[in-house]
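As a plain string of letters, each chain reads:
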Amino acid sequence: MTDETLTYDDIKEYEHLFTMAPPFVLELMIKRNVNLVDKFRPTIAKYLQELTPQQKQKLNHVLCADTERLQKLMFLAYKKTGKKQYYTLANPANRNFVEMNINGIRQLADF
């Protein structure tokens, strides 16, 4: 798989990871540049342990995607779902926050 094959459906499958924090909490954490993966570590770890090998492979594809591509897909996810978390994460000004947290999930996933 390549970034070009990454789609909204790939993001949708892992919506729980992207929308775990309520919108107002997410915005506050972005302003403070807080690693949400650290805050939700037990919940994320439990979620990751329950994934099938195929789901882990798909998630790895999402986690390895270019941040700009992910943000474009998050904007598309916002347009389709109306979830404010996607809108916030899609904002180019929040790129470093997205990268930090994607890296945190990647390290926690370790697959």
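S.K.: Pulling in residues and values, what's your account of the side chain of Asp 10?
M.R.: Turning to its location among the elements, Asp 10 is positioned in helix 1 (residues 8-13). The side chain of Asp 10 is buried and forms no salt bridge, while Lys 58, the nearest opposite charge, is found at 5.9 Å. For Asp 10, the side chain forms a polar contact with the main-chain nitrogen of Thr 7, separated by 2.8 Å. Sequence-distant contacts of Asp 10, defined by excluding residues within four places in its chain, comprise Thr 5 and Val 62.

S.K.: So what's going on with the packing of helix 7 (residues 67-81) against helix 9 (residues 95-109)? Which residues, and what values?
M.R.: Axis separation between helix 7 and helix 9 bottoms out at 10 Å; the angle between their running directions is 105 degrees. By the criterion of interaxial angle, the relationship of helix 7 to helix 9 is roughly perpendicular. Across the interface between the two elements, Thr 67, Glu 68, Leu 70, Gln 71 and Met 74 of helix 7 pack against Arg 95, Val 98, Glu 99 and Ile 102 of helix 9. Across the contact of helix 7 with helix 9, the residue classes break down as four nonpolar, two polar and three charged.

Conventions adopted
Residues numbered from 1 in each chain as written. Predicted model: local features only at pLDDT ≥ 70, side-chain atom pairs only at ≥ 80, totals over all residues. Heavy atoms only, no water. Helix = DSSP H or I, 4+ residues; strand = E, 2+ residues; numbered from the N terminus. Buried < 20%, exposed > 50% of the residue type's maximum accessible area, 1.4 Å probe, protein only. Lys, Arg positive; Asp, Glu negative; His and termini not counted. Salt bridge = Lys/Arg side-chain N within 4 Å of Asp/Glu carboxyl O. Polar contact = N/O pair within 3.5 Å; in protein donor to acceptor, adjacent residues only side chain to side chain. Contact = heavy atoms within 4.5 Å. Axes fitted to C-alpha atoms, helices over the stretch in contact; angles between N-to-C directions. Parallel < 35°, antiparallel > 145°, perpendicular 65-115°, else oblique. Nonpolar A, V, L, I, M, F, W, Y, C, P; charged D, E, K, R; others polar.

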